[in-house]
Amino acid sequence: SLAAGGVDYREMYATATTTTPCVASIMTGAYSEHNGVYSLEEARLDPAVPTLAEHLSTAGYETAAFVTGPIVAETDMDRGFDTYEWRDRREELLGEWFDEAAAAVERLDAPFFCYLHLWEIHDPVETPREYDDPAYGEYPYARTFSALDRALADLHDHLPANTVTAIHGDHG
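Before going into details, it helps to say that this report is about the structure given with it.

Analysis parameters
Residues numbered from 1 in each chain as written. Predicted model: local features only at pLDDT ≥ 70, side-chain atom pairs only at ≥ 80, totals over all residues. Heavy atoms only, no water. Pairing = 2+ DSSP bridges. Helix = DSSP H or I, 4+ residues; strand = E, 2+ residues; numbered from the N terminus. Axes fitted to C-alpha atoms, helices over the stretch in contact; angles between N-to-C directions. Salt bridge = Lys/Arg side-chain N within 4 Å of Asp/Glu carboxyl O. Buried < 20%, exposed > 50% of the residue type's maximum accessible area, 1.4 Å probe, protein only. Phe/Tyr/Trp six-rings, centres within 6.5 Å; stacked < 30°, edge-to-face > 60°. Core = buried A, V, L, I, M, F, W, Y, C linked by side-chain atoms within 4.5 Å. Contact = heavy atoms within 4.5 Å.

**Quick look at the sheet that holds strand 1 (residues 62-67)**
In space, the 3 strands of this open sheet follow the order 2-1-3, with parallel pairing throughout. Strand pairing shows two members of the sheet lacking a second neighbour, strand 2 (83-86) and strand 3 (112-116), which therefore form its edges. Looking at each pair of strands side by side, their axes are set apart by 5 degrees on average, direction ignored.

Structure representation (C-alpha cells):
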C-alpha cells in the first residue's frame with residue numbers, strides 16, 4: 001500500500017554487496033572511496049564527510065536511529081543523531097520489539113528524521129506462524145518478507161500523516 005500510494009523506484013543500485021558500506025553511502029551520499037567505509041565490519045566513516053543526520057540536525061530536525069546488525073556506533077554512523085539505539089539482531093519488528101519501536105516513533109518531535117534498520121530477512125529467517133503459508137510466498141524468505149511488509153504498514157500507522165517514508169533494501 002505504501003508503494004501504491006507513493007513512488008516506487010525499480011531501477012536503483014546498491015553501492016556494495018554488504019550492509020555497512022551501503023548504509024554509509026545512503027547516510028553520506030558518497031561512495032565508499034569518498035566516505036571511507038569499505039567493509040561489513042571494522043568500518044569507520046571519514047570524519048570529514050558529513051552525514052544526512054548531521055545536516056538535518058543542523059536544520060532543526062530531531063534525529064533518531066534504531067539500528068541492528070553491523071551498524072554499530074563504532075562505525076561513526078551515529079554522527080548527527082540525537083538518539084542512536086543499537087539492538088540485538090533478535091529484537092525484530094516481527095516480534096516483541098514492535099511495541100517499543102512504535103512508542104519510539106510516536107515520541108519523536110516534528111520535524112524529525114528517523115532511520116530504522118531491520119534484520120528480519122537474514123539467516124536464520126524465522127517466518128511468523130500466521131504467515132507460514134504459500135499464499136504469502138513460495139519460500140520462507142518471501143513469507144517472512146510478507147510479514148515484515150505488514151509490520152511496516154502497522155508501524156507507519158504510528159507516524160504523523162504528513163510523514164515522508166522511504167523504504168529500501170541495501171543489497172538486493
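Back to the write-up after that little detour.
**Side note on the pattern of salt bridges**
As enumerated under the stated definition, the model contains 5 salt bridges in all. The closest approach of N and O atoms between D76 and R44, which form a salt bridge, is 3.9 Å. On the criterion of sequence distance, the pair formed by D76 in the loop between strand 1 and strand 2 and R44 in the loop between helix 2 (32-35) and helix 3 (52-58) is long-range, its members being 32 residues apart. Taking the relative accessible area as the measure of exposure, R44 reaches 47% and is therefore partly exposed.

**A short note on the packing of aromatic side chains**
Note on aromatic pairs: each is described by the distance of the centres and the angle between the planes. The full count for this structure, using the stated rule, is 3 aromatic pairs. Residues F81 and Y84 carry aromatic rings whose centres are separated by 5.7 Å and whose planes lie at 50 degrees to one another, so their mutual orientation is tilted. Of the two residues, F81 and Y84, neither departs from the other in class, the shared state being buried. Ring geometry for F81 against F113: centres 5.9 Å apart, planes inclined by 20 degrees, an arrangement best described as stacked. Taken together, the residues F81 in the loop between strand 1 and strand 2 and F113 in strand 3 connect sequence positions 32 residues apart. Residue classification places F81 among the buried residues on the basis of a relative accessible area of 11%. Classification of F113 as buried rests on a relative accessible area of 16%.

**Notes on the nonpolar core**
If you look at the biggest cluster of nonpolar residues, it comprises 17 residues, and the most contacted ones within it are L93, W97, L118, L148 and L155. Looking at this core, the elements with two or more residues in it are strand 1, helix 4 (97-106) and helix 5 (140-156). The contact partners of L118, leaving out residues within four places of it in the chain, are T68, R87, L93, W97, L148 and L152. Core analysis: the next-biggest nonpolar cluster, separate from the first, contains 16 residues, A24, V37, L56 and Y115 among them.

**Quick look at the pairing of strand 1**
In terms of burial, strand 1 is a largely internal element, 5 of the 6 residues being buried. As paired strands, strand 1 and strand 3 are joined by 5 bridges and run parallel to one another. Residue A65 lies in a different strand from strand 3, and its bridge partner there is Y115.

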